[in-house]
Amino acid sequence: MVCHRCKKREATVHLTEIIHGEKCEKHLCEQCAAEDGIALKQPQLNELLANFVKSQTSAAEIANITCQACGMTFAEFRSGGLLGCPYDYDAFDKALTPLIKRAHENGAQHVGKVPQRAGIAQERQHELMRARRELAAAVEREDYELAAKLRDQIKNLEKA
Amino acid sequence: MTIDELTRNRSAWLRADMPMADIVISSRIRLARNVAGFPFLARADHVQRREIYRLLRDSIDRAHVADDLTFIDLEGIDEMDRQVLVERHLISKQHAEAEGSRAVAFSKEETVSLMINEEDHLRMQVLRSGLQMDECWGVISRIDNAIEQFIDFAYHTRFGYLTACPTNVGTGIRVSAMLHLPALKLTGEMERAFRAAKDMHLAIRGLHGEGTEATGDLFQISNQTTLGKSEEEIISEFKHLIIPKLVEYERRARQALMRERITALDDKIWRAYGLLMHARTISTEEALFLLSHVRMGVSLGRVDKMKLETLNDLFLMIQPAHLQKLASKRLNGEERSIARADLIRKRLSGVNPN
């Protein structure tokens, strides 16, 4: 199709406008379209590619973040929707905070109820979880000596 | 209390003597908590799951949450009994269908229910009839404090109470109200009300919460934001802003129907009544649909000598597991439809339950 304006070049820009309720079709070549003030977005291909690669690497990096306490990766959380353990909130902090903000009208700081009893420190919660995980593994292996040691450790941590 | 006794019980939250009870059937607040030092359930093996169960059960016992608490191990009962608990809103559908050690403890009046190993280690809920948000909060917060004397919950200074799903983190609170909105449906204004609700960051679900259809014009409205606002703020918004607004929409729609389409309205109500009084077989969907119209008729004074409570109760009793419990035997779909029609006829003509 020939451009409606210059009637020379091939029309590559096709527009449908509604003017006074009448449908009106326009077929223009790129040059005439530009002169008509119709901006054509022409991003540079290499720029696009660079952005794509950049977003892919960072997405891959984020997906691979792994919680040291429970072994869950961020990718696993994304596919299942549920976190693996309390410590994930710290392990995934960077990736998770934007999601949390979106879900809570931008809220990112707890302002509600605080446990009455000053709960055990987060650090110790983490340690407790590690000890319990090791205990389960020890029992599985029938390593009762280690299991006994771990049990004592857990008791002490719970008491502290 | 056994499950069989339960089905003969009348849930206290179905009473209809509370403010706005014509539209607000019930109020519910639940809190999500996890035991510190354990993984969430997605990563807990069966040993850890049992240990969480044991610790929580022990803490609940020691906390004396209520004198009349019934404790039910969900692995120890069959599918039908679990379904009864779902129909009575004592456990969630997910909790019923999950696997591994899990349990529920509930009070005799069925206003308190504590779910162990649901999506989070502990989900506590308080249900009340009508609009009673402050009462729900008072009770649930006391229970939370009492249990917390004996166990540490996972807590973070920035993120608050930590939950398996980040959409519940912070307060872990879900405030919801079950609303009966037949007039908005009839006048085609539901969409507008829904859009308003979405703008206020609310979720709207069916009778049994997440993933269920809104049948019988019953809708569950709940908050979605749990972080960055205090429990009191969330509750107050609900009580003073959100619910009154939706109630007002519904009232206005009802008044418009009374003013402009009274014959059509009466026709709808009495046709529903006629069908319910004479049907010999009826599906849950049809029954809920018709009961909804009769309930509106009672609220508007078009049908007299009938109590809202009778209808609230029927919404519960006509569900599959309850019908089978009443019949004391398994019923297939066809048999249930007959039993349902029988029960409705009896109850609507004033035959006493039990």
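The rules behind the values
- Residues numbered from 1 in each chain as written.
- Chains lettered and ligands numbered in written order.
- Predicted model: local features only at pLDDT ≥ 70, side-chain atom pairs only at ≥ 80, totals over all residues.
- Heavy atoms only, no water.
- Core = buried A, V, L, I, M, F, W, Y, C linked by side-chain atoms within 4.5 Å.
- Buried < 20%, exposed > 50% of the residue type's maximum accessible area, 1.4 Å probe, protein only.
- Contact = heavy atoms within 4.5 Å.
- Phe/Tyr/Trp six-rings, centres within 6.5 Å; stacked < 30°, edge-to-face > 60°.
- Lys NZ or Arg CZ within 6 Å of the ring centre and 35° of its normal.
- Axes fitted to C-alpha atoms, helices over the stretch in contact; angles between N-to-C directions.
- Helix = DSSP H or I, 4+ residues; strand = E, 2+ residues; numbered from the N terminus.
- Parallel < 35°, antiparallel > 145°, perpendicular 65-115°, else oblique.
- Left-handed = near helix turned anticlockwise from the far one by under 90°.
- Nonpolar A, V, L, I, M, F, W, Y, C, P; charged D, E, K, R; others polar.
- Pairing = 2+ DSSP bridges.
- Expected span 1.5 Å × (residues − 1).
- Arc of directions from axis to C-beta.
- pLDDT = per-residue confidence, 0-100.

Chemist: Could you clarify how one ought to interpret the nonpolar core in this entry?
Modeler: Nonpolar side chains in soluble globular proteins tend to end up buried together. Formed by 94 residues in total, the largest nonpolar core has its most connected members in Ile29, Leu114, Leu122, Ile147, Phe238 and Ile243 of chain B. When near neighbours in sequence (up to four residues on either side) are disregarded, Leu122 of chain B contacts Leu31, Ala32, Arg33, Leu56, Ile60, Leu114, Met115, Ile116, Ile147 and Phe153 of chain B. Judged by nonpolar contacts, the second largest core, of 21 residues, contains Phe77, Leu96 and Met129 of chain A together with Phe159 of chain B.

Chemist: I would appreciate a short explanation of the packing of aromatic side chains in the present structure.
Modeler: In this description, a pair of aromatic rings is defined by centroid distance and the angle of the planes. According to the stated counting rule, one finds seven aromatic pairs over all chains in the structure shown. Through a chain of ring-to-ring contacts, the aromatic side chains of Phe74, Phe77 and Phe92 of chain A assemble into a single cluster. We note Arg33 of chain B situated over the ring of Tyr161 of chain B; from NZ or CZ to the ring centre the distance is 3.5 Å. Over the face of the ring belonging to Tyr249 of chain B we find Arg192 of chain B, whose NZ or CZ atom lies 5.5 Å from the ring centre.

Chemist: I tried to follow the packing of helix α5 (residues 133-148) of chain B against helix α8 (residues 231-260) of chain B on my own but got confused; where do I start?
Modeler: Helix-helix packing: each pair is described by the crossing angle between the helix axes and the interaxial distance. All names here are of chain B. Viewed as axis vectors pointing N to C, α5 and α8 meet at an angle of 155°, and their least axial separation amounts to 10 Å. Our classification of the angle between α5 and α8 gives roughly antiparallel. Two packed elements cross with a definite hand, and for α5 against α8 that hand is right-handed. Note on element contacts: α8 touches α5 through Glu231, Glu232, Ile235, Phe238 and Lys239, opposite Met133, Asp134 and Trp137. In the contact of α5 with α8, the residues fall into four nonpolar, no polar and four charged.

Chemist: It is not clear to me how the sheet that holds strand β4 (residues 112-116) of chain B should be interpreted in this structure. Could you clarify?
Modeler: Strands pair in a sheet through their backbones, by hydrogen bonds, and they do so in one of two ways: parallel or antiparallel. Residues and elements named next belong to chain B. Taken in spatial order, the eight strands line up as β2-β3-β4-β5-β1-β8-β10-β9 in an open sheet, and their pairing is antiparallel. Whereas interior strands pair on both sides, the edge strands pair on one side only; in this sheet they are β2 (70-73) and β9 (202-205). Across the sheet, the mean angle separating the axes of adjacent strands is 20° when strand polarity is ignored. In the sheet, strand β8 (residues 173-180) pairs with strand β10 (residues 218-223) via five bridges, with the strands oriented antiparallel.

Chemist: Teacher, can you tell me more about helix α9 (residues 262-278) of chain B here?
Modeler: Residue pairs three or four apart in sequence face the same way in an α-helix, which turns once every 3.6 residues. Residues and elements named next belong to chain B. Here α9 is 17 residues long and its end C-alpha atoms lie 24 Å apart, about the 24 Å a rise of 1.5 Å per residue gives. Listing the buried residues of α9 in full gives Leu265, Asp266, Ile269, Ala272, Leu276 and Met277. The arc that holds the buried residues of α9, viewed along the axis, is 130°, so those residues lie on one side. α9 presents Thr263, Arg271 and His278 as exposed residues on the side facing more than 90 degrees away from its buried surface. Contact partners of the buried residues in α9: α8, α10 (284-299) and α13 (333-348).

Chemist: I would appreciate a short explanation of the confidence of the model for chain A in the present structure.
Modeler: Per-residue confidence for chain A gives a mean pLDDT of 80, with 79% of residues at or over 70. Here helix α2 (residues 45-64) of chain A stands out as the element of chain A with the lowest mean pLDDT, 68, in contrast to helix α4 (residues 88-91) of chain A, whose mean of 93 is the highest.

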